Every structure is written in structure tokens, then in C-alpha cells.
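So the chains spell out like this:
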Amino acid sequence: MEPQTNWRATLADNLAQVRAEMAQAAARAGRSAADVRLVAVTKYVELPVLRALLDLGVQDLGENRVQQLTQRAAALASDPAARPRWHMIGHLQRNKVRALLGACRMIHSLDSRRLADELEVEAQRSGRDVDVLIEVNVSGEQSKQGLTESAVGDLCEHLGRLSRLRLRGLMTMAPLVDDPQRVRPCFAKLRELLWELRRRGVVEADCRELSMGMTQDYVQAIEEGATLVRVGSALFRNVAATE
Ligand SMILES: *Cc1c(COP(=O)(O)O)cnc(C)c1O
């Protein structure tokens, strides 16, 4: 057994397991597996692993740093068969917006009016629309990025005045806890917040994405309504691509 040649099989097994758990969680919640999309978070691994994921049918990749995302997007773009949808999931600085826009399909981490305005300016310059999610700090932990629940409505209304940003939903990061059941209320809160914004007409009816759930808690997140789960570590257990 050569570890160097075996990592692809391990990766395929890990992916199959994550997909199976996603489907079971969706079924338990009476949801269709097709309503939940896996965003593979690739910040821990090298380019050959990204290519292998695409070969295995993964279509969505996420990174939390602009430079790594744009470099990897450029590296993969030379192969027309490997064109993932890129998701920016980490904190975004305004001075990085221009570099990011051409490469990225969805930004999960919109957390201020100033960032929205910068995105709008750059989107207009480049003549393209940008899909965004507002990052919400539902747990109230000081260390977490994101807006408080009460500030979200204001930013939604502001986005309504911008022409190039399409608000697709909300994102959150749950606190790190020993028992994943304890994060359930955070996910439920995000879902209820989005419902409430739709009910009040603050956001459009097609604003329905809930980006929530990582390795520790994607099962609970799907049971609570996640439409996008951002999973890294679970995919890369025992995968060390050394070729
Ligand atoms: C790294 C990261 C993830 C994936 O975390 P895992 O626990 O490895 O699944 C998800 N979301 C964000 C914002 C991240 O930075």
C-alpha cells in the first residue's frame, strides 16, 4: 500500500461519506438532498487535491483568503474541464475586492455597508453582477465576524439600492463546542431571521440560501435548513497529496 498513490481513494471515500451523511440529514429533515450543496473548503490542501475533487464531481470550492482563491482559480482555469464555482468564505478587506471579483461566484462574508459599496463600484466597473450572502454573528461571541441580527435588516435595505449586488441569503459560523447539538439554536436562528426578512419583504422571495455548517456540525446545520455547507477537514482526513 503506497500512501502516495492511495490518497485519491481515501479522498473518494471521505467524499462519499460526507455526501451520504448530507443526504441522510436532508432526509431526516424531510428535505431533498438536491437542496443542499457541498462547498469543499480547500484551504488545507494543495492543487492536485483540488483537481481530484473536481474529477470526483465536486463543483463548488471555497477559500478564506483572496490571494489563495485567485491563484488557484487561475491555475485551474487553464483546464476547461475543471471550472469550479468559487466561494469566498473568509473575511474580505475592501482593498482586495477588485482582485477577487473576476474569479469568484459567491461571497459569503459581506458584513458592512462600506464593503457592499466597494463591491458595487467594482462590479459596475467590470460589468458583472455579484452574488452575496450577509454574514451574521448569531451566537453573539465577540471573536466572531459578522453583523448582529438587528443590523442585518439595514444592510439588506442598503443592498436594495445597489444594482449589481444580488443578495442570495445569509451565512453564519457557529461557535466551537464539544457537543454539536448545542449549535442547533444558532442555525435555527439564522433560518428564522431569513424567513422573517422575506416575510417583511426586506429581501426578495428568491433570497433563500443559508450557508451554515462545517465539519463539526454540517449534519445539524442541514437538519436546521442549510442550503450550503462549507466542509474542509472531513474531506481531507488521511489525505496527503505528495505527488
Ligand atoms: C475553514 C473554514 C470552514 C471549513 O472548516 P472545517 O471544520 O475544516 O470543515 C468553513 N467555513 C469557514 C468560514 C472556514 O474558514
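These figures come from a predicted structure and were not determined experimentally. (Residues numbered from 1 in each chain as written. Predicted model: local features only at pLDDT ≥ 70, side-chain atom pairs only at ≥ 80, totals over all residues. Heavy atoms only, no water.)

Q: Explain the environment of glutamate 135 residue by residue, including any values.
A: Mapped onto the fold, glutamate 135 is located in strand β5 (residues 130–135). A relative accessible area of 4% places glutamate 135 in the buried class. Among all residues touching glutamate 135, those that are not within four sequence positions of it are His108, Ser109, Leu110, Gln145, Gly146, Leu147, Met171 and Met173. (Helix = DSSP H or I, 4+ residues; strand = E, 2+ residues; numbered from the N terminus. Buried < 20%, exposed > 50% of the residue type's maximum accessible area, 1.4 Å probe, protein only. Contact = heavy atoms within 4.5 Å.)

Q: Tell me about the site of the ligand, and name the residues and values.
A: Around the ligand, the surrounding shell consists of Val41, Lys43, Tyr44, Asn64, Ile89, Met173, Met214, Thr215, Arg230, Val231, Gly232 and Ser233. Lysine 43 has a polar side-chain atom sitting 2.7 Å from an oxygen atom of the ligand. Here arginine 230 contributes a side-chain N or O atom positioned 2.9 Å from a nitrogen atom of the ligand. Relative to its free-state accessible area of 390 Å², the ligand is covered by the protein chains to the extent of 91%. For the shell around the ligand, a count of residues per class yields six nonpolar, four polar and two charged. (Near = heavy atom within 4 Å. Polar contact = N/O pair within 3.5 Å; in protein donor to acceptor, adjacent residues only side chain to side chain. Areas by Shrake-Rupley, 256 points an atom, 1.4 Å probe, with all protein chains shown as cover. Nonpolar A, V, L, I, M, F, W, Y, C, P; charged D, E, K, R; others polar.)

Q: Hey, could you go over the packing of aromatic side chains for me, with residue numbers and the actual values?
A: According to the stated counting rule, one finds zero aromatic pairs in the structure shown. Over the ring of tryptophan 195 we find arginine 191; its NZ or CZ atom is 5.3 Å from the centre of that ring. (Phe/Tyr/Trp six-rings, centres within 6.5 Å; stacked < 30°, edge-to-face > 60°. Lys NZ or Arg CZ within 6 Å of the ring centre and 35° of its normal.)

Q: Report on the pairing of strand β1 (residues 37–41), specifying residues and quantitative values.
A: By the criterion of burial, β1 is predominantly enclosed, with four of the five residues buried. Two strands pair when backbone bridges link them, and β1 and strand β8 (residues 228–231) are joined in this way by four bridges, in the parallel orientation. Of the residues in β8, the one forming a bridge with alanine 40 is valine 231. Of the strand pairs in this sheet, β1 and strand β2 (residues 60–63) are connected by two bridges, and their pairing is parallel. The residue bridging alanine 40 from the neighbouring strand is leucine 61, located in β2. With helix α2 (residues 47–55) bridging β1 and the parallel β2, this β-α-β connection has right-handed handedness. (Pairing = 2+ DSSP bridges. Right-handed = clockwise from strand over helix to strand, strands pointing away.)

Q: Give me the lowdown on the environment of glutamate 224, citing residues and values where you can.
A: By secondary structure assignment, the location of glutamate 224 is in the loop between α8 (218–223) and β8. Note on glutamate 224: relative accessible area 13%, which makes it buried. It is 14 Å that separates the C-alpha atoms of glutamate 224 and alanine 23, two residues lying 201 residues apart in sequence. Beyond its immediate stretch of four places on either side in the chain, glutamate 224 contacts Arg184, Phe187, Ala188, Arg191 and Met212. Of the polar contacts made by the side chain of glutamate 224, one reaches the side chain of arginine 184; its length is 3.1 Å. A polar contact is formed between the side chain of glutamate 224 and the side chain of arginine 191, at a distance of 2.8 Å.

Q: Please provide a residue-by-residue account of the pattern of salt bridges, values included.
A: All chains considered together, the criterion is met by 17 salt bridges. In this structure, arginine 72 and glutamate 63 form a salt bridge, with 2.7 Å as the shortest nitrogen-oxygen distance. Comparing arginine 72 with glutamate 63, the two get one shared label, buried. Here the salt bridges share partners, and the residues they tie into one network are Arg28, Arg184, Arg191, Glu192, Glu223 and Glu224. (Salt bridge = Lys/Arg side-chain N within 4 Å of Asp/Glu carboxyl O.)

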